[in-house]
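# Overview (structure and organization)
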Amino acid sequence: MKIKTKQRSYEQVMAMPRPTHRKPLKPLFLLQAVVRILAIFDLLPTKFTYETHNMEQIQKGEPCLILMNHSSFIDLKIASRIFFPKPYGIVCTSDGFVGKNWLMRLLGCIPTRKFVSDVSLIRDMEYLLKKKRTSVLMYPEASYSFDGTATPLPRKMGVLLKKLNVPVVTVITQGAFARDPLYNCLQKRKVTVRADVTCLATAEQIRALSVAQLDTMLDEAFSFDNFRYQQEKGIVIDEPFRADGLNRILYRCPHCQTEGQTVGKGVMLTCKSCGAEYTLDEQGYLTGKSPIFTHIPDWYAWQRQQVRKELEEGTYRLEKNVKIGMLVDTKALYWVGNGKLIHDANGFRLTGCDGKLAYSQGPLACYGLYSDYYWYEIGDVICIGNQDALYYCFPEGGDVVAKTRLAAEELYKLKKARKAPAVAAKG
């Protein structure tokens, strides 16, 4: 899938009128049927099945909030298979509307900007649920999983559940990540996919529970490990390209501590600095002569610890030349030039376009970071911005996307923890 792009100057893009807010539409049944038919072709090779749990608690025709884990591009087709012909809107990132705004709206999609505060989103969800009696599908993780485990959920999701006051359904997939992991260069594997569809809580139960209890329930529901699932179920993935791009998530060698020198190719992950070699075997284990890690999420979690250590010691810093695309409407992604992206303890700073662009974003702006691999077949991307404009930064060289996401998440936690005692002291 590609995205429409145009060349514009930074001044031209900033002068463009911003689109006015429009209420979401109830999805057109005919288009939902088309999506359902198209989904057959992608789901058939996966032998997709699903099981329901406690769904009898939801009355027929009662709208609900559907929360689904975000594993791969097949997720929307899975949702269509499970819920059709039930009408439901979809909370969708704004870049998904580029070049097809009318189509996305007729499908009931609600545009939002990932990891940007958006009060209108809640109003739009309420409008569909209460006024249009239409369910809403949302991916609370906001971003695809990099290592096959859950990405952090926004805190106080329970507040949203209480405000919406409708039944909450979770959809947790197994196999979707293994079929098409984001790091693997869009190469599909022959993997069976299944899902568990669960009524997590009715409206009555939500009213009776505290926000903290609801957050705990969601954390437990969104606790999974796709590589562990593969290993425990003995699922064989024998494609000869299964380690392609693995360096995108395993960027730091645990043997020599060098970053950006790992190469994932075929079934091997190799460090060019020290020569350490790992094989990703058919059951998802890492094997080698003296393996420090045998489980990919353990390696990824170790990298998170190293990033946090750098932040605590004040040594973390990203500084990269980037190609910059801007999104201010749904007509196109506008290429505005080149610049420099810096990320450190003070947050993000983006400069460029011959000195005309200077954007800063503090570490408490959001708990996470919109980052992606091979975004719309352009390249690996880091996205920052606000309600006025989004800046899509494509770094030149090096696997920095995963580390930057980890750093943004850990920096938020550190700053939030330091802010809490200060606020308490003032109180």
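Residue positions are given per chain, counting from 1 as you read along its sequence in written order. The model is predicted, so local features are restricted to residues of pLDDT at least 70 and side-chain atom pairs to those at 80 or more, both for listing and for counting; the totals for chains, interfaces and linings are taken over all residues. Hydrogens and water are ignored here; the side-chain numbers use all heavy atoms of the structure.

## Overview of a nonpolar patch on the surface
- Each patch groups residues whose relative accessible area exceeds 30% and which form no salt bridge, using 9 Å between like charges and 5 Å between nonpolar side chains of Val, Leu, Ile, Met, Phe, Trp and Tyr. Here, Shrake-Rupley sampling with a 1.4 Å probe gives the accessible areas, and only protein chains in the shown set may cover a residue. Here a salt bridge means any side-chain nitrogen of Lys or Arg lying within 4 Å of a carboxyl oxygen belonging to Asp or Glu. A grouping of Leu28, Leu30, Val34, Ile37, Leu38, Ile40, Phe41 and Leu44 is seen on the molecular surface, where their side chains present a nonpolar patch of about 820 Å² in accessible area.
- Secondary structure elements are taken from DSSP: a helix is a run of H or I of four residues or more, a strand is a run of E of two residues or more, and numbering for both begins at the N terminus. Counting through the fold element by element, phenylalanine 41 comes out in helix α2 (residues 29–43).
- On the basis of relative accessible area, phenylalanine 41 is assigned to the exposed category, the value being 59%. Buried residues are those whose accessible area, probed at 1.4 Å on protein chains only, stays under 20% of the maximum for their type, while exposed residues exceed 50% and partly exposed ones sit between those limits.

## So, the environment of glycine 379
- Relative to the assigned elements, glycine 379 resides in strand β18 (residues 379–385).
- Assessed through its relative accessible area of 15%, glycine 379 is described here as buried.
- Sequence separation between glycine 379 and phenylalanine 394 is 15 residues; the distance between their C-alpha atoms is 6.6 Å.
- Residues are treated as being in contact if the distance between any of their heavy atoms lies within 4.5 Å. Once you skip the residues sitting within four places of it in the chain, glycine 379 turns out to touch Tyr373, Tyr374 and Phe394.

## Notes on the nonpolar core
- Buried residues of nine kinds, namely Ala, Val, Leu, Ile, Met, Phe, Trp, Tyr and Cys, make up a nonpolar core once their side-chain atoms join them within 4.5 Å. By size, the foremost hydrophobic cluster in this structure holds 55 residues, and its most contacted members are Leu246, Ile249, Met326, Leu341, Leu350 and Tyr391.
- Among the elements that line this core, the one with the most residues is helix α12 (residues 401–426), at seven residues.
- The contacts of methionine 326, once residues within four sequence positions are left out, are Tyr10, Val13, Met14, Ala332, Leu333, Tyr334, Val336, Ala389, Leu390 and Tyr391.
- Residues Ile74, Cys109, Val193 and Cys199 belong to the second largest nonpolar core, which totals 29 residues.

## Topic: the sheet that holds strand β9 (residues 262–265)
- Read from one edge of the open sheet, four strands run β9-β10-β11-β12, paired in antiparallel fashion. In the strand order of this sheet, the two ends are held by β9 and β12 (286–287), each with one partner.
- Looking at chain direction, β9 and strand β10 (residues 268–271) are connected through four bridges and run antiparallel. Bridge assignment links glycine 264 to a residue of β10, and that residue is leucine 269. DSSP bridges decide pairing: two strands pair if at least two such bridges lie between them.

## Observations concerning the side chain of aspartate 75
- Within the fold, aspartate 75 resides in helix α3 (residues 75–83).
- Buried aspartate 75, no salt bridge; nearest opposite-charge side chain is lysine 114, N-O distance 9.5 Å.
- Look past the residues within four positions of aspartate 75 in its chain and what remains in contact with it is Met68, Asn69, His70, Tyr139, Tyr144 and Ala176. The positive count covers Lys and Arg only, the negative count covers Asp and Glu only, and His and the chain ends enter neither.

## Quick notes on the layout of surface pockets
- A cavity here means a set of points on a 1 Å grid, drawn over the protein atoms and nothing else, where a 1.4 Å probe fits but cannot get out; a pocket is an open set with protein on both sides within 12 Å along at least five of seven lines, and a residue lines either one if it has an atom within 4 Å of a point. Grid points are joined across faces, edges and corners, and a volume is the space filled by probe spheres set on the points. Roughly 540 Å³ of volume is contained in the second largest pocket.
- Taken together, 22 residues form the lining of the second largest pocket, with Pro19, Thr20, His21, Pro111 and Arg113 sitting closest to its centre.
- The element best represented in the lining of the second largest pocket is helix α5 (residues 119–131), accounting for three residues.
- Considered class by class, the residues forming the lining of the second largest pocket number five nonpolar, eight polar and nine charged. Residue classes follow a fixed rule: Ala, Val, Leu, Ile, Met, Phe, Trp, Tyr, Cys and Pro count as nonpolar, while Asp, Glu, Lys and Arg count as charged, and any other residue, Gly among them, counts as polar.

## Considerations on the packing of aromatic side chains
- Each pair of aromatic rings taken from Phe, Tyr and Trp, with Trp reduced to its six-membered ring, is defined by centres within 6.5 Å and is described as stacked if the planes are under 30 degrees apart, edge-to-face if over 60, and tilted in the remaining cases. Tallied over the entire structure, the rule returns 15 aromatic pairs.
- Taken together, Trp335, Tyr370, Trp375, Tyr376, Tyr392 and Phe394 form an aromatic cluster joined through their ring pairs.
- The criterion for a charge sitting over a ring is simple: Lys NZ or Arg CZ within 6 Å of the ring centre, and within 35 degrees of the ring normal. One Lys or Arg, lysine 323, reaches over the ring of tryptophan 335 and ends 4.1 Å from the middle of that ring.
- When the ring centre of phenylalanine 146 is taken as origin, the NZ or CZ atom of arginine 405, which lies over that ring, is 3.6 Å away.

## Details of the side chain of histidine 295
- The residue histidine 295 is located in the loop between β12 and α11 (296–313) in this model.
- Using a relative accessible area of 2% as the deciding quantity, one classes histidine 295 as buried.
- Those residues within four positions of histidine 295 in sequence are excluded, and the remaining contacts are Asp225, Phe227, Arg228 and Gln231.

## Describing the environment of serine 71
- Considering the arrangement of structural elements, one finds serine 71 in the loop between β3 (65–68) and α3.
- Judged by its relative accessible area of 1%, serine 71 is buried.
- Taking the C-alpha atoms as reference points, serine 71 and threonine 173, 102 residues apart in sequence, are found 7.8 Å from one another.
- Not counting chain neighbours up to four residues away, the residues in contact with serine 71 comprise Tyr144, Thr173, Ala176, Phe177 and Asp180.
- Polar contact is defined as a pair of N or O atoms within 3.5 Å, subject to the rule that within protein one atom must be able to donate a hydrogen and the other to accept it, and that residues adjacent in sequence are counted only when both atoms are side-chain atoms. Only 3.3 Å separates the side chain of serine 71 from the side chain of asparagine 69, close enough to count as a polar contact.

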